[in-house]
Structure formats: structure tokens, C-alpha cells
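# Observations on the model geometry
Listed here are the chains, written in short residue letters.
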Amino acid sequence: MYAVRKLALFIDRSNQQWVVQDPEGNYWIVPSDDNAWDHRKPFYPSEDTELEPIPAHYKYTLGLPY
């Protein structure tokens, strides 16, 4: 048996951006458009970062994998 790891979706309240955490633990900023994953940019949380978890069904609206 194995565990399936998925993307976690957040909103960064400090700057109103979508943030995704991949299965390896890396964070990415994604735009709010189709194929957002293809246009991701690295994100490095700071002490001021306020990540709020977002329900998984929003991943579909951003065209995210998993």
C-alpha cells in the first residue's frame, strides 16, 4: 500500500496570491487563469506570510494537476 500525495492549495492573505505546495514540499505562486500550473513561479514564505488553506475543489478551477 502507498500514500498518494497531492497538491495543497492556499491563499496568501498578505498579498492575495494563490499558493500551491507540491508533494515535495515546495511552494509555488500560481496565477488565477487556465493552466496555472504551467505558469507557476517559486514562492518562499517569510515570517509575514499568511497562508490560508483553500478547499481542494478550487484546484479544478485553476487547472491544477492532481
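Residues numbered from 1 in each chain as written. Predicted model: local features only at pLDDT ≥ 70, side-chain atom pairs only at ≥ 80, totals over all residues. Heavy atoms only, no water.

Residues in a regular strand point their side chains to alternate faces of the sheet. Two strands pair when backbone bridges link them, and strand 1 (residues 8–12) and strand 2 (residues 17–21) are joined in this way by five bridges, in the antiparallel orientation. Note that in strand 2 the partner of Ile11 across the bridge is Trp18. Counting the residues that bridge the hairpin from strand 1 to strand 2 gives four residues, and of these Gln16 lies at a positive phi of roughly 55°. Bridging between strand 2 and strand 3 (residues 27–30) involves four bridges; their strand directions are antiparallel. The partner of Trp18 across the bridge, within strand 3, is Val30. In sequence, strand 2 turns back onto strand 3 through a hairpin of five residues, with Gly25 there showing a positive phi of about 95°. (Pairing = 2+ DSSP bridges. Helix = DSSP H or I, 4+ residues; strand = E, 2+ residues; numbered from the N terminus.)

Position of Lys59 relative to the elements: it lies in helix 1 (residues 58–61). Although Lys59 is buried, it makes no salt bridge; Asp22 carries the closest opposite charge, 12 Å away. Reaching out from Lys59, the side chain makes a polar contact with the backbone oxygen of Leu7 at a distance of 2.9 Å. (Buried < 20%, exposed > 50% of the residue type's maximum accessible area, 1.4 Å probe, protein only. Lys, Arg positive; Asp, Glu negative; His and termini not counted. Salt bridge = Lys/Arg side-chain N within 4 Å of Asp/Glu carboxyl O. Polar contact = N/O pair within 3.5 Å; in protein donor to acceptor, adjacent residues only side chain to side chain.)

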